[in-house]
Amino acid sequence: KKPTRKMADQTQSVDETETGLRTTKTGVSIKTSVIDLELEAERLARECARLDTRCAILTQANADAEKANGLLVQKLGDRFQEELRALRDDLDSKLGNQSSEMKSLLDTISSLKEENRALERRSVALEKRSKRLEDELLG
């Protein structure tokens, strides 16, 4: 397009070049702007690709960390179960020992009570005999 009068009246006049691109009198061309924009687009595309790669790496690292954490939790759970089982076994063993000891002590108490009753009967019998002998001698 040919520059119009209105365009020529603006602070910067526009001339058409052989290639059909318009340039201002200051020498800045639309082509330069397009090249600059294309370079910026390429830089942004590279940055986007770098960020995509970084995101993929971080996503994989996160998945790996979740898997490792899952394994740690599983190991911790297994260890906890083993320790709980060991504590139960130990408690059962101690309770079994205490029950046996308690039965033995109860048997000993019963035996001692029986022995005490027998001694009391013998003591009463000896007192009666002593009293009879005393009565016979003093009599």
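Residues numbered from 1 in each chain as written. Predicted model: local features only at pLDDT ≥ 70, side-chain atom pairs only at ≥ 80, totals over all residues. Heavy atoms only, no water.

What follows covers the overall build of the protein chain. Along its length, the protein chain carries two helices and two strands. When the helices and strands of the protein chain are read in sequence order from the N terminus, they spell out α-β-β-α. The buried share among the 139 residues of the protein chain stands at 3%. When the accessible area of the protein chain is evaluated, it comes to approximately 12,800 Å², of which 57% is carbon and sulfur surface. (Helix = DSSP H or I, 4+ residues; strand = E, 2+ residues; numbered from the N terminus. Buried < 20%, exposed > 50% of the residue type's maximum accessible area, 1.4 Å probe, protein only. Areas by Shrake-Rupley, 256 points an atom, 1.4 Å probe, with all protein chains shown as cover.)

If you trace the backbone, Ser29 turns up in the loop between strand E2 (22–24) and helix H2 (30–138). Polar side-chain contacts of Ser29 include one of 2.8 Å to the side chain of Thr32. (Polar contact = N/O pair within 3.5 Å; in protein donor to acceptor, adjacent residues only side chain to side chain.)

Once that is clear, we can look at the state of the cysteines. Following the criterion strictly, the structure yields zero disulfides and no others. The thiol of Cys48 is not disulfide-bonded; the next cysteine sulfur, from Cys55, is found 9.0 Å away. (Disulfide = S-S within 2.5 Å.)

Turning next to the pattern of salt bridges. Within the structure shown, the criterion is met by six salt bridges. Between Glu40 and Arg43 there is a salt bridge, with the nearest N and O atoms lying 2.7 Å from each other. Taken together, the residues span about one helical turn, with Glu40 and Arg43 both in helix H2 at a distance of three residues. Residue class for Glu40 comes out partly exposed when judged on its relative accessible area of 34%. (Salt bridge = Lys/Arg side-chain N within 4 Å of Asp/Glu carboxyl O.)

Attention shifts here to a nonpolar patch on the surface. A cluster of nonpolar side chains, namely Met102, Leu106 and Ile109, defines an oily patch on the protein surface of about 280 Å² accessible area. Checked against the element boundaries, Leu106 lands in helix H2. What makes Leu106 partly exposed here is its relative accessible area of 46%. (Patch = residues over 30% accessible without salt bridge, like charges linked within 9 Å, V, L, I, M, F, W, Y side chains within 5 Å.)

This paragraph deals with the confidence of the model for the protein chain. On average, residues of the protein chain score 84 in pLDDT, and 80% of them reach the 70 mark or higher. A low-confidence stretch, residues 1–21 (pLDDT under 50), is modelled with 23 contacts involving residues beyond four sequence positions or located in other chains. (pLDDT = per-residue confidence, 0-100. Contact = heavy atoms within 4.5 Å.)

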